[in-house]
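Coordinate inspection notes
Each chain, letter by letter, is given below.
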Amino acid sequence: MRFSDVELGDDLPETHPDISMERVKLFVKSAYMDFPRFTDHEFAKAEGLPGAIVPGVMSQGFLAAMIHQWAPGAKIHKLDTVFRTTMVVDTSATCRGAVTDLNEESHLVEVDLTMLNHEGVTSVIGTATVELAD
Amino acid sequence: MILDLHTHSVRSDDGRAKVDNYCQWIRKKELPLDGFVLTEHRQYDDTSDYRDLEDHYGLLILKASEVETDYGHVLVFGVNEDLTNAFDFARVDNHIGDVLSAARRCGAVAAPCHPGRPNVGLFAHYERKGRIEGVDLVEIYNGGSRPGEDEISEAEAQRFGYRGFGGSDSHIVSRIGYAATEFDEPVANIDDLVSALRGGRCHARTFR
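I will try to describe carefully the structure that is included in this document. (Residues numbered from 1 in each chain as written. Chains lettered and ligands numbered in written order. Predicted model: local features only at pLDDT ≥ 70, side-chain atom pairs only at ≥ 80, totals over all residues. Heavy atoms only, no water.)

The helix and strand tally for chain B stands at seven helices and nine strands. On C-alpha atoms alone, chain B measures out to a radius of gyration of 16 Å, which is about the 17 Å that the 2.2 N^0.38 rule sets for 208 residues. For chain B, the proportion of its 208 residues judged to be buried stands at 57%. Of the roughly 8900 Å² that chain B leaves accessible, carbon and sulfur atoms contribute 44%. When the 24 basic and 36 acidic side-chain charges of chain B are each reduced to a single mean position, those positions are 3 Å apart. (Helix = DSSP H or I, 4+ residues; strand = E, 2+ residues; numbered from the N terminus. Rg over C-alpha atoms; globule rule 2.2 N^0.38 Å. Buried < 20%, exposed > 50% of the residue type's maximum accessible area, 1.4 Å probe, protein only. Areas by Shrake-Rupley, 256 points an atom, 1.4 Å probe, with all protein chains shown as cover. Lys, Arg positive; Asp, Glu negative; His and termini not counted. Charge placed at Lys NZ, Arg CZ, Asp CG, Glu CD.)

Listed below in structure tokens is the structure:
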């Protein structure tokens with residue numbers, strides 16, 4: 001994906017990341033954040049959560065991965081998210097993005113980001129500033 | 001004339017949309033909007049000037065506020081200096097009665113938003129604490145509603161005899177216009193908007 005290929009309003013190809021317990025366990029071990037609220041449904045419920053939750057940084061990683069799948073080699077200058085509700089482990093997720101601004105001089109692209117949970121509720125919103133090749 | 005009555009820009013703590021990007025998005029996507037109202041959280045933005053953007057894009061851009069009360073969030077249209085001095089917009093625990101009466105006294109309109117939202121919406125508070133007087137207008141279509149919430153808003157508004165309006169509650173550019181309000185007459189400024197909302201010369205639209 002090059003800057004000249006992109007238009008305002010373009011949708012990024014939707015992704016459906018794997019948020020199974022198996023994947024989340026691999027992630028939290030790698031990230032040194034192996035806490036039971038991420039890996040134990042019963043523990044999380046006892047804390048008042050609906051179940052074990054997907055770590056926020058893992059959700060951010062999925063959104064960044066969506067950008068890179070759309071534009072391999074792109075540089076993400078900034079990825080800014082707001083977490084609105086939890087993503088529960090062992091459910092399903094959908095990542096979406098849309099191009100909302102293009103800077104012709106810097107070749108930076110602004111992208112809206114959303115992550116929806118299995119009920120179609122928006123769990124994460126955000127924006128990214130992405131540099132695309134000429 | 002269709003206006004999105006509930007939007008947030010980067011001036012809200014959780015807003016990530018630039019106002020000029022809202023404008024170019026509306027035009028690029030050919031959304032059926034003639035303008036929008038910025039309803040920043042817990043503040044009234046009396047400094048930003050969007051007249052250049054209005055002229056460039058041919059859109060009406062008005063400013064209002066979303067304040068927080070003991071009965072949930074409330075949009076206030078027609079904010080003026082008297083009203084900003086009447087209660088503390090930054091507080092999260094304003095008494096809704098104070099907000100409603102202050103708005104009335106100062107010539108503004110105050111209307112609860114996303115009233116069908118569980119736990120925090122107006123109607124959830126009604127269930128726990130009882131009905132309050134002074135509400136006559138609520139946001140029945142909210143672009144950020146979860147499945148079923150707008151249906152609660154609409155049904156309960158009908159039950160209590162409240163008029164309805166719509167707004168996207170967009171915090172990012174691509175969500176603007178998910179819900180809006182259609183006006184029977186042209187709206188050129190905030191006074192026209194307040195008059196139309198008071199007079200019931202509008203109805204809610206959803207575009208989700």
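Still more to cover.
Our next topic: the interface of chain B and chain A. At the interface, 15 residues of chain B touch 22 residues of chain A. Carbon and sulfur atoms make up 53% of the surface buried where chain B meets chain A, a total of about 1500 Å² over both sides. At the boundary of chain B and chain A, one finds three salt bridges. Of the charged contacts in the structure, one is a salt bridge between Arg-16 of chain B and Asp-80 of chain A, with a shortest N-O distance of 2.6 Å. Counting the contacts that link chain B with chain A gives nine residue pairs in polar contact (both at pLDDT 80 or more). Residue classes in the side of chain B that touches chain A are distributed as four nonpolar, four polar and seven charged. (Contact = heavy atoms within 4.5 Å. Buried area = accessible area lost by both parts, 1.4 Å probe. Salt bridge = Lys/Arg side-chain N within 4 Å of Asp/Glu carboxyl O. Polar contact = N/O pair within 3.5 Å; in protein donor to acceptor, adjacent residues only side chain to side chain. Nonpolar A, V, L, I, M, F, W, Y, C, P; charged D, E, K, R; others polar.)

Turning our eyes to something else, we now look at the pattern of salt bridges. In this structure the tally under the stated criterion is 17 salt bridges over all chains. As a salt-bridge pair, Lys-45 of chain A and Glu-42 of chain A come within 4.0 Å of each other at their nearest N and O atoms. Here Lys-45 of chain A pairs with Glu-42 of chain A, and both are found in helix H3 (residues 41-46), just three residues apart, close to one helical turn. A residue is classified by how much of its surface remains accessible, and Glu-42 of chain A, at 54% relative accessible area, is exposed. We note a salt bridge from Asp-13 of chain B to Arg-42 of chain B, for which the minimum N-O separation is 2.4 Å. Placement of the pair is Asp-13 of chain B in the loop between strand S1 (2-7) and helix H1 (19-28) and Arg-42 of chain B in the loop between strand S2 (35-41) and helix H2 (51-57), with a sequence separation of 29 residues. Classification of Asp-13 of chain B as exposed rests on a relative accessible area of 53%. Through salt bridges with shared partners, a single ionic network connects Asp-13, Arg-42 and Glu-68 of chain B.

Glancing now at the nonpolar core. Burial of nonpolar side chains together is a common tendency in soluble globular proteins. Of all hydrophobic cores here, the largest spans 37 residues; its most connected members are Trp-70, Val-109, Met-115 and Leu-132 of chain A. Counting only elements with at least two residues in this core, the list comes to helix H1 (21-30), helix H4 (56-70), strand S3 (94-103), strand S4 (108-116) and strand S5 (122-131) of chain A. Setting aside its immediate chain neighbours within four residues, Trp-70 of chain A contacts Met-1, Val-6, Leu-12, Pro-13, Val-99, Val-109, Val-111 and Leu-132 of chain A. Judged by nonpolar contacts, the second largest core, of 29 residues, contains Cys-106, Val-135, Tyr-141 and Ala-179 of chain B. (Core = buried A, V, L, I, M, F, W, Y, C linked by side-chain atoms within 4.5 Å.)

Let us now look at the packing of aromatic side chains. If you walk through the whole model with that rule in mind, you get ten aromatic pairs over all chains. A ring pair is formed by Phe-35 of chain A and Phe-38 of chain A, whose centres lie 6.3 Å apart and whose planes are at 45°; its orientation type is tilted. On the numbers, 5.7 Å between centres and 20° between planes, the contact of Phe-160 of chain B with Tyr-162 of chain B is stacked. Given a relative accessible area of 8%, Tyr-162 of chain B falls into the buried group. Between the NZ or CZ atom of Lys-129 of chain B and the centre of the ring of Tyr-71 of chain B, over which it lies, the distance is 4.4 Å. (Phe/Tyr/Trp six-rings, centres within 6.5 Å; stacked < 30°, edge-to-face > 60°. Lys NZ or Arg CZ within 6 Å of the ring centre and 35° of its normal.)

This part takes up the sheet that holds strand S3 (residues 60-69) of chain B. The strands that make up a sheet are held in pairs by hydrogen bonds between backbone atoms, and each pair lies either parallel or antiparallel. Residue and element names in this part refer to chain B. The mixed open sheet is built from seven strands, whose spatial order is S5-S4-S3-S2-S1-S8-S9. Each having just a single partner strand, strand S5 (109-112) and strand S9 (202-206) make up the two edges of the open sheet. On average, each strand axis in the sheet is inclined to that of its neighbour by 30°, with strand direction left out of account. Of the pairings in the sheet, the one linking S1 to S2 comprises three bridges and is parallel in character. Bridged to Asp-4 within S2 is Phe-36. Sheet strands in contact with H1 are S1, S2 and S3, and its direction is about 150° off that of S2. (Pairing = 2+ DSSP bridges. Axes fitted to C-alpha atoms, helices over the stretch in contact; angles between N-to-C directions.)

Right, let's talk about the environment of His-8 of chain B for a bit. All names here are of chain B. In this fold, His-8 is placed in the loop between S1 and H1. His-8 sits in the buried class, given a relative accessible area of 0%. Considered as a pair, His-8 and Ala-124 are 116 residues apart in the sequence and their alpha carbons are 24 Å apart. Here His-8 is in contact with Ala-17, Tyr-22, Leu-38, Thr-39, Glu-40, His-41, Glu-66, Asp-169, Ser-170 and His-171, once residues within four sequence places are set aside. Within the structure, the side chain of His-8 is placed 2.9 Å from the side chain of Glu-66, a separation counted as a polar contact.

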